[in-house]
Amino acid sequence: MEILAFGVTADEEPLLARAFRDHSEGPHEVRCLDVFLSEDTAPIAAGYEIVSSSVNGDLSGRVLRILAAGGTRMVAQRSTGFNNVDLDEARRLGLTVSRVASYSPYSVAEFAWALAMAVNRRIVRASHRTRDFDFRLNGLMGRDMHGRTAGVLGTGRIGEAFTRIAHGFGMNLLGWDLVPNPACVELGMRYVDKGELFAEADLISLHVPLLDSTHHIVDAAALKAMRDDAVLVNSSRGGLIDTEALVTELRAGRFTGVGLDVYEAEAGLFFTDRSLEAVADDTLARLVTFPNVVVTSHQAYYTQDAVGQIIATTVRNVADYMAGRRSENTLVPDAA
Ligand code: NAD
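Residues numbered from 1 in each chain as written. Predicted model: local features only at pLDDT ≥ 70, side-chain atom pairs only at ≥ 80, totals over all residues. Heavy atoms only, no water.

Colleague: What's the story with the site of the ligand in this structure? I'm lost.
Modeller: Residues in close proximity to the ligand total 22 residues, the closest being Tyr103, Arg157, Ile158, Asp177 and Ser235. The separation between an oxygen atom of the ligand and a polar side-chain atom of Ser236 is 3.1 Å. Assessed atom by atom at 2 Å from the grid points, the ligand resides in the largest pocket. (Near = heavy atom within 4 Å. Polar contact = N/O pair within 3.5 Å; in protein donor to acceptor, adjacent residues only side chain to side chain. 1 Å grid on protein atoms, 1.4 Å probe; cavity = no way out; pocket = protein on both sides within 12 Å on 5 of 7 lines; lining within 4 Å. Sits in = over half its atoms within 2 Å of the grid points.)

Colleague: Looking at this structure, how should I read the sheet that holds strand 5 (residues 96-98)?
Modeller: One open sheet accounts for six strands, arranged 2-1-3-4-5-13; its pairing is mixed. In the strand order of this sheet, the two ends are held by strand 2 (29-32) and strand 13 (330-332), each with one partner. Strand-to-strand, the axes of this sheet are offset by a mean angle of 25°, without reference to chain direction. Alignment of strand 4 (residues 74-77) against strand 5, held across three bridges, turns out to be parallel. Bridging across to strand 5, Met74 finds its partner in Thr96. In the packing of helix 1 (residues 12-22) onto the sheet, the strands contacted are strand 1 (2-5) and strand 2, and the crossing angle to strand 2 comes to about 160°. In this fold helix 12 (residues 304-323) packs onto strand 1, strand 3 (50-53), strand 4 and strand 5, with an angle of close to 160° to the strand it touches most, strand 4. (Pairing = 2+ DSSP bridges. Helix = DSSP H or I, 4+ residues; strand = E, 2+ residues; numbered from the N terminus. Axes fitted to C-alpha atoms, helices over the stretch in contact; angles between N-to-C directions. Contact = heavy atoms within 4.5 Å.)

Colleague: Any chance you could explain the confidence of the model for the chain here in plain terms?
Modeller: For the chain, per-residue confidence averages 96 on the pLDDT scale, and 100% of positions sit at 70 or higher. Across the chain, the element-wise mean pLDDT spans from 95 in helix 1 up to 99 in strand 6 (residues 149-153). (pLDDT = per-residue confidence, 0-100.)

Colleague: Mind showing me how you'd approach the domain arrangement of the chain here?
Modeller: The parts lose accessible area when they come together, and the size of an interface is often stated as this lost area. The domain architecture assigned to the chain consists of domain 1 (2-103 + 303-332) and domain 2 (105-295). Measuring from the centre of the C-alpha atoms in domain 1 to the corresponding centre in domain 2 gives 31 Å. Each partner contributes residues to the interface: domain 1 has eight residues there, and domain 2 has seven residues. Carbon and sulfur atoms supply 59% of the area buried between domain 1 and domain 2, which totals about 590 Å² over both sides. Linking domain 1 with domain 2 are zero salt bridges, by the criterion used here. At the boundary of domain 1 with domain 2, the tally comes to one residue pair in polar contact (both at pLDDT 80 or more). Here the side of domain 1 that touches domain 2 is composed, by residue class, of four nonpolar, four polar and no charged. (Domains from an automatic or database assignment. Buried area = accessible area lost by both parts, 1.4 Å probe. Salt bridge = Lys/Arg side-chain N within 4 Å of Asp/Glu carboxyl O. Nonpolar A, V, L, I, M, F, W, Y, C, P; charged D, E, K, R; others polar.)

Colleague: Hey, could you run me through the sheet that holds strand 8 (residues 190-191) in this one?
Modeller: Strands in a sheet are paired, the pairing made by backbone hydrogen bonds, and the direction either parallel or antiparallel. Pairing is parallel across the open sheet formed by seven strands, whose spatial order is 8-7-6-9-10-11-12. Two strands lie at the open edges of the sheet, namely strand 8 and strand 12 (293-295), each paired on one side alone. For strand 7 (residues 172-176) and strand 8, the ladder comprises two bridges, and the chain directions are parallel. Bridged to Leu174 within strand 8 is Arg190. Set on the sheet, helix 4 (residues 105-120) makes contact with strand 9 (203-206), strand 10 (231-234), strand 11 (257-260) and strand 12; between it and strand 10 the angle comes to about 150°. Lying over the sheet, helix 6 (residues 157-169) contacts strand 6, strand 7 and strand 9, oriented at roughly 175° with respect to strand 6.

Colleague: So what exactly am I meant to see when it comes to the environment of Glu264 here?
Modeller: Relative to the helices and strands, Glu264 resides in the loop between strand 11 and helix 11 (282-287). Distance in space between the C-alpha atoms of Glu264 and Ile241 is 7.5 Å, their sequence separation being 23 residues. Not counting residues up to four positions away in its chain, the partners in contact with Glu264 are His215, His216, Gly238, Gly239, Ile241, Asp242 and Thr243. A polar contact is formed between the side chain of Glu264 and the side chain of His216, at a distance of 2.8 Å. A polar contact of 2.7 Å, which involves the side chain of Glu264, links it to the side chain of Thr243.

Colleague: Is there a simple way to think about the packing of aromatic side chains in this case?
Modeller: Scanning all chains against the criterion turns up six aromatic pairs. Plain terms: the ring middles of Trp113 and Phe162 are 4.9 Å apart, the flat faces sit at 15° to each other, and that makes the pair stacked. Highlighted residues: Trp113 in helix 4 and Phe162 in helix 6, separated in sequence by 49 residues. Residue Trp113 is classed as buried on the basis of its relative accessible area, which comes to 5%. For the pair Phe133 and Phe135, a centre-to-centre distance of 5.0 Å together with 65° between the ring planes defines the contact as edge-to-face. We classify Phe133 as exposed; its relative accessible area is 68%. (Phe/Tyr/Trp six-rings, centres within 6.5 Å; stacked < 30°, edge-to-face > 60°. Buried < 20%, exposed > 50% of the residue type's maximum accessible area, 1.4 Å probe, protein only.)

Colleague: How should empty space enclosed by the protein be read in this particular structure?
Modeller: Going through the model one piece at a time under the given rule, you end up with one cavity of 30 Å³ or more. The space that makes up the largest cavity amounts to roughly 30 Å³. Every residue lining the largest cavity is listed: Asn234, Gly238, Ile241, Thr243, Leu260, Val262, Tyr263 and Glu264. Taken together, the residues of the lining of the largest cavity break down into four nonpolar, three polar and one charged. (Points joined across faces, edges and corners; volume = space filled by probe spheres on them.)

Below, the structure written as structure tokens:
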């Protein structure tokens, strides 16, 4: 069978092709497209029973209806989050929808640390300077992490991996979560209310999912509560931070550094090349001009290990669908 995969990077294409070809219940062919699944691109899937979509694909009701009308019966989402999938409509249409319930938390936790240290130690500025043969140090002074306090919002799989690294740096550990993680407690983490975490932490890293209850969890008041010299890192979801409020604080000269791998208006922008277009997003344009801010485009998960696991699970999900099996990755149909 030939499967159609949307939103595949050139890095991923050979990995995906090999995984489908070599699978014990295969072989299957895969046609890879770099365009993302959307209302405009969904008609390409006509005649494909199985379609795979990337993290930023649009799986709204309208798109699912176009897919179903074209004969698609199964959608294999290549990400953990599924807030972009209209599950009710998928049920009504009788589609099977799968996701990748888990993959390497180290990919994201290590990247969050890369952002934290890049802004703390001014790595991007320093690199720009040396490329210009400007070898002065002025303005590049950072701070030791050892002995300082890390505040981790959300101590699930990624938050725990982030905490282990913070522990390795010799930091004091503050956590905030609905449920304390015993592994973090064992490392010495003290669970506090989020007001205390914002006020006390030298480094704040966000690892809660985006839900109604966590939307703009870092709002104007939270930002004001933070230390002027705090480092703030978001590698979870852009909607956790009120970006306009963040820009206001940055304009006032606050924060040692802010590292953002996600942005609340990233949909339709991140993962695409807009370098030759007029910039339409004033907030993002302002954000990237601050010398103490580093923005990356949702690449925290993008390691050989995590992408390999995502692909292997996606191929297994397709095999499960073909064999009529359900797994922890099956979103629709619901468990009997
Ligand atoms: P997880 O489910 O293991 O952990 C999430 C933690 O948040 C849990 O401990 C949970 O108790 C806590 N939590 C949930 N709702 C909460 C609430 N309302 N208030 C307080 N705590 C709450 O998830 P994970 O694998 O650690 O992933 C965390 C997030 O990282 C994901 O939701 C996703 O948004 C993000 N992520 C980003 C990338 C990237 O490439 N940037 C990749 C993967 C995941």
